[in-house]
Amino acid sequence: MASEDEKGKESAPAPPLGRRLDRRDVLLGLTTVPALGLFGYAWVKQRGYEQQRRAAAGGAKKAPAGREINVALLGAGAQGQVLLDSMLRIPGLRFRAVCDIWTEYNQKRVVNTLRKFKFEVNGYEDYREMLDKEKDLDAVVVASPDFWHAPHAVDCLKAGKHVYCEKEMSNTLEGARSMVLAARETGKLLQIGHQRRSHPRYLHCYEKLLGEAKILGRIVTVNGQWNRAVSPDIGYPERYAIPADRLKKYGFKSMEQFRNWRWYKGLGGGPIVDLGSHQIDIYNWFLGANPSYVMASGGNDYHDPKTHEWYDTAMVIYEFETKEGPVRAYYQTQTTNGSQGYFENFMGDQGTLVLSESEANYPGFLYRDPNAPPWDGWVQKGYVSAPKVQEAKPEGEEVTLDVRESVSPDLHRVPVVLRDPYHQPHLENFFDTIRGDAKLHCPAEIGYETAVTVLKVNEAIEARQRLSFRPEEFRI
Ligand SMILES: NC(=O)c1ccc[n+]([C@@H]2O[C@H](COP(=O)([O-])OP(=O)(O)OC[C@H]3O[C@@H](n4cnc5c(N)ncnc54)[C@H](O)[C@@H]3O)[C@@H](O)[C@H]2O)c1
């Protein structure tokens, strides 16, 4: 059986070291631009970011007096652990409680970890008991299954806590709506865990490349994907099985369903919601619009529908009406072949941007179309790396190319590397906002727009129809 870490994760839990500028990058930079152009910018940017991180790395106990934030983790499974790994690197947090219904396994593991870090934490099975007893909590980080997000977030907000809640905001629009309203009514912060919104590479692309430089020209088409190879269901150690009455109390029919909740209707939303929501959120963000229409084809083409109620394959086309004109955006997710992993690809009439949050795969590639104005100015400013000339002829091959064959446009890179775990900047943004030093990057209203955009895919698959979005559907 696949372990939780192998199966439940969407991004690598181990803190990635990031990719350093290596000698090849240096040479690449130095051959075509003055030394302090590309290389200077990228280096200064990385250095500054690292210095910031290093200054922050003093550990929770060295936080500025009076500014400590009392935190609870609600849902201590695969993602709860990933978030905790990031939070342990953020100064000024004092962990007070962990709530998880799997008391004998996940809860125990995380409580023990935190006690090793000398935090005096209490473990709870029921979040209401935690809210009753832990009066000093400032914030709750929610990483429970999607169908619990609304009750968890709403009750925490109503108890006066700030909430960081994992995506998908909710498995239902009613649930997501109740979260927006609770945040508004209580005046407490609600950050939704679309962590790419705080990723420095995505911010650089949004602000500098698309905003200031308009480097792609007019974006007309987009495509993206998250392809995953077949993997077995998530298992569990039998001696730690949760008793049936407790499972039932929290909405699960069996241990198998408890562990693989993503695939079940009423609990999760299947791969399009689980994986697609991250990237479709970026479509809306980068295009500065919500879609007008969606059509989708999907089904349970491979897995056993008794244990995989949601579609294992989804192929989706959104139509957007942006300020610059119409955009068609394709997205696919399938779980039978991991070909080319996950990325988003924005295609304009002057260039292409392919990116992902991963430092290993698609860490930001740009291609200038031959008809576009030169990018030298952006290279000099350090917004993009110097180009790597693409060869038309495959190396070492005796082949004859057609004289009309187009040469691939030159490759540039987005010179921004994240050395921290992928979720750290988004969590930092949340805690900085609590302290009054920042503004949420993904407040409830944005999370809601993404939920509306993504949840309609399953509807469109079921209806076998092109469905429209009314602009007011995105607003509360
Ligand atoms: N942002 C990301 O990149 C990312 C990655 C993975 C998962 N997620 C999200 O994180 C959430 C958790 O996913 P996961 O992979 O950790 O799932 P998981 O099944 O591994 O963990 C869920 C945990 O919640 C506990 N739980 C279930 N119901 C509960 C309840 N009512 N009260 C308290 N605890 C309860 C379970 O015992 C389990 O420990 C999901 O919403 C998922 O979409 C986000």
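About the cut-offs
Residues numbered from 1 in each chain as written. Predicted model: local features only at pLDDT ≥ 70, side-chain atom pairs only at ≥ 80, totals over all residues. Heavy atoms only, no water. 1 Å grid on protein atoms, 1.4 Å probe; cavity = no way out; pocket = protein on both sides within 12 Å on 5 of 7 lines; lining within 4 Å. Points joined across faces, edges and corners; volume = space filled by probe spheres on them. Helix = DSSP H or I, 4+ residues; strand = E, 2+ residues; numbered from the N terminus. Nonpolar A, V, L, I, M, F, W, Y, C, P; charged D, E, K, R; others polar. Near = heavy atom within 4 Å. Polar contact = N/O pair within 3.5 Å; in protein donor to acceptor, adjacent residues only side chain to side chain. Pairing = 2+ DSSP bridges. Contact = heavy atoms within 4.5 Å. Axes fitted to C-alpha atoms, helices over the stretch in contact; angles between N-to-C directions. Buried < 20%, exposed > 50% of the residue type's maximum accessible area, 1.4 Å probe, protein only. Salt bridge = Lys/Arg side-chain N within 4 Å of Asp/Glu carboxyl O. Right-handed = clockwise from strand over helix to strand, strands pointing away. Expected span 1.5 Å × (residues − 1). Parallel < 35°, antiparallel > 145°, perpendicular 65-115°, else oblique.

This part is about the layout of surface pockets. As a volume, the largest pocket reaches approximately 510 Å³. Lining the largest pocket are 20 residues; nearest its centre among them are Leu 210, Phe 286, Leu 287, Gly 288 and Glu 324. Those elements giving two or more residues to the lining of the largest pocket turn out to be helix H9 (200-212), helix H13 (276-287) and strand S9 (313-322). Counting residues per element, the lining of the largest pocket draws most heavily on H13, which supplies 4 residues. Split by residue class, the lining of the largest pocket holds 10 nonpolar, 5 polar and 5 charged.

Turning to the site of the ligand, a few remarks are in order. Not every one of the 32 residues close to the ligand is listed here, only the nearest: Gln 79, Asp 100, Asn 106, Asp 146 and Arg 262. With respect to the ligand, the backbone of Gly 77 contributes an N or O atom lying 3.4 Å from an oxygen atom. At 3.1 Å from an oxygen atom of the ligand is found a side-chain nitrogen or oxygen belonging to His 423. The set of elements that each furnish at least two residues to the shell around the ligand consists of helix H4 (78-87) and helix H7 (146-158). The dominant element in the shell around the ligand, judged by the number of residues it contributes, is H7, at 4 residues. Grouping the constituent residues of the shell around the ligand by class yields 12 nonpolar, 12 polar and 8 charged.

The next point concerns the sheet that holds strand S12 (residues 351-355). What the 9 strands build is an open sheet, ordered S14-S13-S12-S11-S7-S10-S9-S8-S15; its pairing is mixed. Since the sheet does not close on itself, it has two edges, and those belong to strand S14 (411-413) and strand S15 (467-468), each with one partner. Taken strand by strand, H9 contacts strand S7 (219-227), strand S11 (342-348), S12 and strand S13 (365-368), and its axis lies near 165° from that of S12.

Here we take up the sheet that holds strand S1 (residues 69-74). Taken in spatial order, the 6 strands of this open sheet run S3-S2-S1-S4-S5-S6, and their pairing is parallel. Strands with a single pairing partner mark the edges of an open sheet, and in this sheet they are strand S3 (122-124) and strand S6 (190-192). Averaged over all pairs of adjacent strands, the angle between strand axes in this sheet comes to 20°, irrespective of strand direction. For strand S2 (residues 93-99) and S3, the ladder comprises 3 bridges, and the chain directions are parallel. Its bridge partner being in S3, Cys 99 is matched across the sheet by Tyr 124. Packed on one face of the sheet, helix H5 (residues 103-116) meets S1, S2 and S3 and runs near 160° to S2.

Further remarks concern the environment of Cys 156. Tracing the backbone through its elements, the reader meets Cys 156 in helix H7. Overall, Cys 156 belongs to the buried group, its relative accessible area being 0%. For the pair Cys 156 and Ala 182, spaced 26 residues apart in the sequence, the C-alpha separation amounts to 9.4 Å. Once residues within four sequence positions are removed from consideration, Cys 156 is found in contact with Leu 74, Leu 131, Val 140, Lys 161 and Val 163.

If the charged atoms of two oppositely charged side chains come close together, the side chains can form a pair. Applying the stated rule across the entire model yields 19 salt bridges. When the shortest N-O distance is used, the salt bridge between Asp 126 and Arg 128 registers 3.3 Å. On the basis of relative accessible area, Asp 126 is assigned to the buried category, the value being 14%.

What follows covers the pairing of strand S5 (residues 162-165). Residues in a regular strand project their side chains so that they alternate between the two faces of the sheet. Burial along S5 is two-sided: His 162 and Tyr 164 facing one way and Val 163 and Cys 165 facing the other are all buried. Note that S5 and S6 share 3 bridges and pair parallel. Among the inter-strand pairings, Tyr 164 is bridged to a residue of S6, identified as Gln 191. Read from S5 through helix H8 (residues 173-186) to S6, the crossover connection turns out right-handed.

In this section: helix H16 (residues 444-463). With 20 residues, H16 should reach 28 Å at 1.5 Å per residue; the first-to-last C-alpha distance of 28 Å fits that figure. Where burial is concerned, most of H16 is hidden: 14 out of the 20 residues are buried. Following H16 by one or two positions, Arg 464 adopts a phi angle in the positive range, close to 55°.

A word on the packing of H8 against H16. Where H8 meets H16, the closest approach of the two axes is 10 Å, and the angle between their N-to-C directions is 170°. In terms of orientation, H8 lies roughly antiparallel with respect to H16. Here Leu 173, Ala 176, Arg 177, Val 180, Ala 183 and Arg 184 of H8 come into contact with H16, specifically with Ala 444, Glu 445, Tyr 448, Ala 451, Val 452 and Leu 455.

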